[in-house]
Structure formats: structure tokens, C-alpha cells
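Next come the chains, spelled out residue by residue.
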Amino acid sequence: CYNNYRKYVKTLDNIANYYGEKYAFYFAWLLHYTSFLILPSAVGLLVWIIQMGNFFTYENLDTKDYANATDSVWNTLYSMFIALWTTLFVESWRQKQVWLSNRWLVQDFNQ
């Protein structure tokens, strides 16, 4: 589950040891978020390409309208995908946060 993440753990451990766990968690979250953004950006690019294809192959060339070409069912599907992606992202981060807090022995830490 964390095979791709493990190569960054040594660096995060160094940050935790030098700056503290608070900053290490920030960098861990940033790393997790950035890696999770690959999927919605790829899907968003695909939806945009489909919509631009609709824009340039619009039947009536005299009344090309960008709003009509991009206002389609693809926006709704992409929005539902983003809602699902957000849920998966948050749950994945919670698991990773627990794993890191166990690794750094800060499970019950409160500021």
C-alpha cells in the first residue's frame, strides 16, 4: 500500500528529527496531495479535450458558442468523479497520518 511512499519516509524522518513532527506532517501531506492530484488532472484534461472536440465540430459553424460546447453532461460526470476522488483522498490521508504518527510515536499528541 505504501511502497511508493516508503522511498520518501527517510526524508520525512529527517525532517521530523530536525524540525519536528509538525513540519514533517505538513510535508507528508503536501507530498500525498501532490501525488493524488495526478488522477483528477488527467481526467480533467480528457474531459477538456472532449469538450474542445465538441466545440470545433459544432454543427452550425456560424453560431459557435464556447458556453454551449462546454456545458455538457461531462461536467456533471467530472464533478461526481471529483466528489469520489475527494473522499478517497481524505480516507487515504487518514491512513497515512496514522501510519506516520505510529512511526514517529506521536499518536496521542495534543497541542
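As shown above, the structure is provided for reference.
The residue count restarts for each chain, going from 1 along the sequence in the order it is written. Since the coordinates come from a predicted model, pLDDT governs what is reported: local features require at least 70, and pairs of side-chain atoms require 80 or more to be given and counted, while whole-chain, interface and lining totals use all residues. Side-chain descriptors were evaluated using all non-hydrogen atoms of the structure, hydrogens and water having been removed beforehand.

Undergrad: Whenever I open this one, a nonpolar patch on the surface confuses me. Can you help?
TA: Here a patch means residues that are over 30% exposed by relative accessible area and free of salt bridges, tied together within 9 Å if like-charged and within 5 Å if nonpolar (Val, Leu, Ile, Met, Phe, Trp, Tyr). We get accessible surface area from the Shrake-Rupley algorithm with a probe of 1.4 Å; when it comes to residues, only the shown protein chains can shield them. The salt bridge definition used is simple: a Lys or Arg side-chain nitrogen within 4 Å of an Asp or Glu carboxyl oxygen. On the surface, Tyr 18, Tyr 19, Tyr 23, Tyr 26 and Phe 27 cluster together into a nonpolar patch covering about 660 Å² of accessible area. Relative to the assigned elements, Tyr 23 resides in helix α2 (residues 21-36). Secondary structure elements follow DSSP: runs of H or I no shorter than four residues count as helices, runs of E no shorter than two count as strands, and numbering proceeds from the N terminus.

Undergrad: Explanation requested: the environment of Gly 20 in the structure shown.
TA: Relative to the helices and strands, Gly 20 resides in the loop between α1 (3-18) and α2. Relative accessible area serves as the criterion here: at 17%, Gly 20 is assigned to the buried category. C-alpha of Gly 20 to C-alpha of Trp 104: the two residues are 84 residues apart in sequence and 9.9 Å apart in space. Here's how the labels work: a residue is buried when its accessible area is under 20% of the maximum for its type, exposed when over 50%, partly exposed in between, all with a 1.4 Å probe on protein chains only.

Undergrad: How do you make sense of the packing of aromatic side chains when you look at a structure like this?
TA: We describe a pair of aromatic rings using the distance from one ring centre to the other and the angle between the two ring planes. Two rings from Phe, Tyr or Trp (for Trp, the six-membered ring) form a pair when their centres are within 6.5 Å of each other. A pair whose planes differ by under 30 degrees is stacked, one over 60 is edge-to-face, and the rest are tilted. Counting across every chain of the model gives 10 aromatic pairs. When the centroid spacing of 4.8 Å and the interplanar angle of 85 degrees are considered together, the rings of Tyr 18 and Tyr 19 count as edge-to-face. The exposed category is assigned to Tyr 18, whose relative accessible area is 68%. Owing to a relative accessible area of 55%, Tyr 19 belongs among the exposed residues under this scheme. Within the aromatic cluster, the residues linked to one another by ring pairs are Trp 29, Tyr 33, Phe 36, Trp 85 and Phe 89.

Undergrad: Sorry, what's going on with the packing of α2 against helix α5 (residues 73-104) here?
TA: Each pair of packed helices gets described by two things: the angle between the helix axes and the distance between those axes. Here α2 crosses α5 at 145 degrees, and the two axes come no closer than 11 Å. Both α2 and α5 take part in a crossing whose hand is right-handed. Together, Glu 21, Ala 24, Phe 25, Ala 28, Trp 29, His 32, Tyr 33 and Phe 36 of α2 and Trp 85, Leu 88, Phe 89, Ser 92, Trp 93, Lys 96, Gln 97, Leu 100, Ser 101 and Trp 104 of α5 make up the contact between the two elements. Nonpolar residues are Ala, Val, Leu, Ile, Met, Phe, Trp, Tyr, Cys and Pro. Charged residues are Asp, Glu, Lys and Arg, and all others, Gly as well, are polar. Its residues assigned to classes, the contact of α2 with α5 comprises 12 nonpolar, 4 polar and 2 charged. As a rule, the C-alpha atoms of each element are fitted with a line to give its axis, helices using only the stretch in contact, and angles between N-to-C directions run from 0 to 180 degrees. In a left-handed crossing the near helix is turned counterclockwise from the far helix by less than a right angle, and in a right-handed crossing that turn is clockwise. Any two residues having at least one pair of non-hydrogen atoms within 4.5 Å are treated as being in contact.

Undergrad: Which parts of the structure should I look at to understand the pattern of salt bridges?
TA: Note that side chains of opposite charge can pair when their charged atoms are close. On inspection of all chains with the given rule, the structure shows 2 salt bridges. Two residues, Glu 91 and Arg 94, come together in a salt bridge whose shortest N-O distance is 3.2 Å. A residue pair is termed a helical-turn pair when its members lie 3 or 4 positions apart in one helix, as Glu 91 and Arg 94 do in helix α5 at 3 residues. Judged by relative accessible area, Glu 91 falls into the partly exposed class, the value being 39%.

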